[in-house]
Amino acid sequence: MASLWTLLFLTALLAGVRCTPAAGTDPVPTTLNPSSPNHTAAAAPRSSTRPTPTGRKVTAGKTTVLPTTTTTTTTTTTGPPVKTTAKTARLNTTISFRTEDLSEKTERRWIKEEEPPALECPPLGLESLRVKDTQLQASSFQRRGLGPHRGRLNIQSGVEDGDIYDGAWCALYEDKKQWLQVDALRATRFTGVIIQGRTSLWSWNWVETFKIQFSNDSITWKTCKNGTQEAVFEGNQDTETPVLAEFPESTVARYIRINPQTWFKNGTICLRAEVLGCALPDPNIYQGQEPEVTQDKLDFRHHNYKEMRKVLKSVHEACPDITRIYSIGKSYTGLKLYVMEISDNPGKHELGEPEFRYVAGIHGNEVLGRELMLNLMQFMCQEYKRGNQRIVRLVKETRIHLLPSMNPDGYEFAYKKGSELSGWALGRYSYEGIDMNHNFADLNTVMWNAIELEMDKSKLINHYFPLPEQYTSEEAFVAPETRAVISWMEAIPFVLSANFHGGELVVTYPFDMTRDWAPRELTPTADDSFFRWLATVYASTNHVMSNPDRRHCHNFDFIRHNNIINGANWHTVPGSMNDFSYLHTNCFEVTVELSCDKFPHASELPIEWENNKESLLVYMEQVHRGIKGVIRDKDTDAGIADAIIKVDDIDHHIRSAADGDYWRLLNPGDHDVTVSAEGYIPSSRSCRVEYEHYPTICDFRLTKTPKQRLREILAKGGKIPKDLQLRLRQLRLRKLRTTTKTLNQRRMAQRARARRSHR
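First, a word on scope: everything that follows refers to the structure included in this document. (Residues numbered from 1 in each chain as written. Predicted model: local features only at pLDDT ≥ 70, side-chain atom pairs only at ≥ 80, totals over all residues. Heavy atoms only, no water.)

By size, the foremost hydrophobic cluster in this structure holds 101 residues, and its most contacted members are Ile328, Tyr358, Met380 and Trp488. Considering each element in turn, this core owes the most residues, 9 residues, to helix H3 (residues 368-386). Discounting residues that sit within four places of it in the chain, Met380 has contacts with Ile342, Ile391, Leu394, Val395, Ile400 and Met620. One finds Leu124, Leu136, Ile212 and Trp263 within the second-largest nonpolar core, a separate group that totals 30 residues. (Core = buried A, V, L, I, M, F, W, Y, C linked by side-chain atoms within 4.5 Å. Buried < 20%, exposed > 50% of the residue type's maximum accessible area, 1.4 Å probe, protein only. Helix = DSSP H or I, 4+ residues; strand = E, 2+ residues; numbered from the N terminus. Contact = heavy atoms within 4.5 Å.)

Structure below.
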């Protein structure tokens, strides 16, 4: 038995400790009970997933924001203790996503079916850049920045007028003899044109009426007629809305000219255009000899909500053993945010297996990512069944989650207009008008303000920043889609991700927000070198990005940056998914701008699949780069959740998942790693990352601190073992020596002050 003085010491040591939960047990979380008028707190069940840092209760398709509480946690590390003050409780509420039934009977019938206008022929490719600059000519132009090469549908200007990246072709003279000419390079059956005005922050210019001319030799021209009269087509009434002009009869020619007749009275002749035409068979090539764009037999077309459900259902039926469909929530109008899970054990997180995600359709009108995700799941299913070892390895070693459409409401708006008529912005925002790429919590400002205000740097945190209190309120202007994705991020321990946009060709990496709200400024993370690697992996394997002779899309030359850029060094984006993912979770995420054309025509989807297929696969494989392992209790062998993994010289930590497994993305080299957890003695070791595409296993076994062991023994009513008694005596003696030394120093200082005062 312990002696009396030992028990007295234990009582003093544990004063104020018994009110906290014992290690290995969950604190009793509180949730709001909506049925109670007083919102009585109720206990939540123990969870098998890691605690969620938002302090929210989440059910499928619905998020209930919980009140926040202030908690202070002291984390033991090899250096000074680091205090983290969390404004929200980290709850252990189980978050599960139910498998979805996509049978016809479950489909919502109230969704109004509207198909886009059917075009007789596809676009030649002015917007997508398939038409080269050398194929465009004009009667005159004001300057190079307003030359014929800028007369492309939806091309965007720079901030300043007058530079080389202006927003249209603009004629030098104001008369009816001006024209913009397109050389199709071969005999083409022209069926129509689409025109827009000039995009500019400072000028208003557009063409109100125009004629069309055709030629086979660029010398003799024939004007398009409506019967016996020359046809005059209606043009634009503003700068941005695309206007379709279909010809009374299709005409076969090689060259086509747009000849403005009238224009905005306070402006000048400026336009952007796309030409619709069907290329005739090349007489020099036998029929059937033209090479196929891709060998993959995939569903290359645009899919609205109903058709997307059919693709998901067909993939699951073809590969039921490796796929699962679930929903993470609903859009404002009630459309579900479907996710396709691909894994050899779908529906379950396997110990040591990393979680990966792709997110598309944040902006509803940037549709290529949506179609690539549908193509990717079809491709992986087909290749897995064929025994493709690369795909088999990915499926068996990775749990993959594909979210094709984060903004289904916006997509439906754009889809109904069609690929060429939706313009630059229609469908970009959510139904409520929210830009979801700016809708995540701004944790950058929280971090930078703390750095500026905190004098004691040891108290700063560098990861798992909690959501600001005002962001979690029900009154916060946060889209339901954004809330659903945040809950998804917190429920699954994602390691790596990418989100897809359109309108440019570049891969951006965090931070996306500048520190001092500058329009653009290099703002790297602590993991900048690895983020640069991730961005380079995708860009260097993308067929278009990696082409050194390609033309830049709009007003920024990313080729000189090797097609990657720090997001904030392009333009500042507060509340981006990339920054939020890095600061709120363990997940590293980049943004891929897939195409100059936000909404490419369906005829271009096979080409885009081939451009991106290798990039999509090789990027997923990067989730296995770095170190991984399991952090366990040395005595019980149980996994330790929420342990902090610190890599020397990188000021950004991560945490272990519910079962103690972790993944730390790192570049090749030797890394000193320290793991700490509340109630345990920190442990350090060196881990070497090789160049091969597999992670280095770095497991840790932590020993409980004497105080933690004592707490658990007393909680169980057990006896204190002799080794712990000895350890506690040593702690007591050390504490007595420290206290005595401090008292003696104070007495000596008082005596010294007294002697000085007597003098």
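There's plenty left to go through after this.
Quick look at the side chain of Glu127 now. In this structure, Glu127 sits in the loop between strand S6 (82-86) and strand S7 (136-138). Arg272 provides the closest opposite charge to the buried, unpaired Glu127, separated from it by 8.2 Å. Side-chain polar atoms of Glu127 contact the side chain of Asn154, separated by 2.9 Å. (Lys, Arg positive; Asp, Glu negative; His and termini not counted. Salt bridge = Lys/Arg side-chain N within 4 Å of Asp/Glu carboxyl O. Polar contact = N/O pair within 3.5 Å; in protein donor to acceptor, adjacent residues only side chain to side chain.)

Roughly 1,100 Å³ of volume is contained in the second largest pocket. Forming the walls of the second largest pocket are 36 residues, and the residues nearest its centre are Gln156, Trp424, Asn555, Trp570 and His571. Residues of the lining of the second largest pocket, tallied by class, amount to 9 nonpolar, 19 polar and 8 charged. (1 Å grid on protein atoms, 1.4 Å probe; cavity = no way out; pocket = protein on both sides within 12 Å on 5 of 7 lines; lining within 4 Å. Points joined across faces, edges and corners; volume = space filled by probe spheres on them. Nonpolar A, V, L, I, M, F, W, Y, C, P; charged D, E, K, R; others polar.)

In this section: the pattern of salt bridges. Counting across every chain of the model gives 33 salt bridges. Between Glu307 and Lys310 there is a salt bridge, and its shortest N-O distance comes to 3.5 Å. Remark: Lys310 and Glu307 occur in helix H2 (residues 305-318); sequence separation between them is 3 residues, near one turn of the helix. Looking at Glu307, the relative accessible area reads 17%, which means it is buried. A salt bridge links Arg428 to Glu366; the nearest nitrogen and oxygen atoms lie 3.7 Å apart. Note that Arg428 is positioned in the loop between helix H5 (408-417) and helix H6 (443-453) and Glu366 in the loop between strand S19 (355-359) and H3, a separation of 62 residues in sequence.

It is the contact of H6 with helix H10 (residues 577-584), at a shortest axis distance of 9 Å, that shows an interaxial angle of 55°. On the basis of their axis angle, the class for H6 and H10 is oblique. Touching Leu443, Asn444 and Met447 of H6 are Asp579, Phe580, Leu583 and His584, all from H10. When grouped by side-chain class, the residues that make up the contact of H6 with H10 number 4 nonpolar, 2 polar and 1 charged. (Axes fitted to C-alpha atoms, helices over the stretch in contact; angles between N-to-C directions. Parallel < 35°, antiparallel > 145°, perpendicular 65-115°, else oblique.)

Counted by the stated rule, this structure contains 5 disulfides. Across a sulfur-sulfur distance of 1.9 Å, Cys170 and Cys270 are joined as a disulfide pair. Measuring the twist about the S-S bond at about 115°, one finds the Cys170-Cys270 disulfide to be right-handed. Residue Cys170 is found in strand S8 (residues 169-170), and its partner Cys270 is found in strand S16 (residues 270-279); the two are separated by 100 residues along the sequence. Of the two residues, Cys170 and Cys270, both sit in the buried class. Two residues, Cys553 and Cys596, share a disulfide whose sulfurs are 1.9 Å apart. Here the disulfide of Cys553 and Cys596 is left-handed, its torsion about the S-S bond being about -65°. Within this pair, whereas Cys553 is found in the loop between helix H8 (528-541) and strand S23 (564-566), its partner Cys596 is found in the loop between strand S24 (588-593) and helix H11 (605-621), the two being separated by 43 residues in sequence. Both residues of the pair, Cys553 and Cys596, belong to the buried class. By sequence order of its bonded cysteines, the protein has the disulfide arrangement 1-4, 2-3, 5-6, 7-8, 9-10. (Disulfide = S-S within 2.5 Å.)

An order of S17-S18-S20-S19-S21-S24-S22-S23 is seen for the 8 strands of this open sheet, with the pairing classed as mixed. Where the open sheet ends on each side, the last strands, each with one partner, are strand S17 (323-330) and S23. For this sheet, the mean angle separating the axes of adjacent strands, direction not counted, is 20°. Bridge count between S19 and strand S21 (residues 494-501): 5 bridges; the pairing is parallel. Each residue of the ladder has a partner; that of Val359, found in S21, is Asn499. The strands touched by H3 are strand S18 (336-342), S19, strand S20 (399-403) and S21; relative to S20, the strand with the most contacts, the crossing angle is about 145°. With respect to the sheet, H10 is in contact with S19, S21, strand S22 (506-509) and S24, its orientation differing from that of S24 by roughly 170°. (Pairing = 2+ DSSP bridges.)

What follows is about a nonpolar patch on the surface. Together, Tyr332, Phe413, Leu426 and Tyr431 make up an exposed nonpolar region whose accessible area comes to about 410 Å². Under the relative-accessibility criterion, Tyr431 is labelled partly exposed at 47%. (Patch = residues over 30% accessible without salt bridge, like charges linked within 9 Å, V, L, I, M, F, W, Y side chains within 5 Å. Areas by Shrake-Rupley, 256 points an atom, 1.4 Å probe, with all protein chains shown as cover.)

What follows covers the side chain of Thr199. Take Thr199: it is sitting in the loop between strand S9 (180-196) and strand S10 (207-215). In this structure Thr199 touches Ile155, Gln156, Ser157, Asp166, Gly167, Glu240 and Arg272, once residues within four positions along its chain are discounted.

The subject of this paragraph is H10. Of all the 8 residues making up H10, 8 are buried; the element is thus mostly covered by neighbouring parts of the structure. The complete set of buried residues in H10 reads Met577, Asn578, Asp579, Phe580, Ser581, Tyr582, Leu583 and His584.

Applying the stated rule across the entire model yields 30 aromatic pairs. Both rings, one in Trp221 and one in Tyr255, keep their centres 6.5 Å apart while their planes meet at 65°; by these two values the pair is edge-to-face. You can see Trp221 sitting in the loop between S10 and strand S11 (222-223) and its partner Tyr255 sitting in strand S15 (residues 243-263), a full 34 residues away along the chain. Looking at Tyr255, the relative accessible area reads 10%, which means it is buried. (Phe/Tyr/Trp six-rings, centres within 6.5 Å; stacked < 30°, edge-to-face > 60°.)

Another point: the packing of H8 against H11. In the contact formed by H8 and H11, the axes pass within 7 Å of each other and the chain directions differ by 155°. Here H11 runs roughly antiparallel to H8, going by the angle between their axes. Pair H8 / H11 crosses with right-handed handedness. Seen from H8, the contacting residues are Leu534, Val537, Tyr538 and Thr541; seen from H11, they are Asn611, Asn612, Glu614, Ser615, Leu616, Val618 and Tyr619. Class assignment for the residues of the contact of H8 with H11 results in 6 nonpolar, 4 polar and 1 charged. (Left-handed = near helix turned anticlockwise from the far one by under 90°.)

This part is about the sheet that holds strand S26 (residues 644-647). Taken together, the 4 strands give an open sheet; going across it, the order is S27-S26-S29-S31, and neighbouring strands pair in antiparallel fashion. Whereas interior strands pair on both sides, the edge strands pair on one side only; in this sheet they are strand S27 (654-655) and strand S31 (683-689).

Taking 1.5 Å per residue as the helical rise, H3 with its 19 residues ought to reach 27 Å, and the 26 Å between its terminal C-alpha atoms agrees with that figure. Downstream of H3 by a residue or two, Gly387 has a phi angle that is positive, lying close to 85°. (Expected span 1.5 Å × (residues − 1).)

This next bit is on the environment of Glu521. With respect to the helices and strands, the residue Glu521 is situated in the loop between S22 and H8. The contact partners of Glu521, leaving out residues within four places of it in the chain, are Thr514, Arg515, Asn566, Ala568 and Asn569.

Turning our eyes to something else, we now look at the environment of Leu153. By the secondary structure assignment, Leu153 is in the loop between S7 and S8. Through-space distance from the C-alpha of Leu153 to that of Asp597 is 9.1 Å; in sequence the pair is 444 residues apart. Ignoring any residue separated from it by four or fewer positions in sequence, one finds Leu153 in contact with Glu127, Ile194, Gln196, Pro242, Arg272, Ala273, Glu274 and Glu420.

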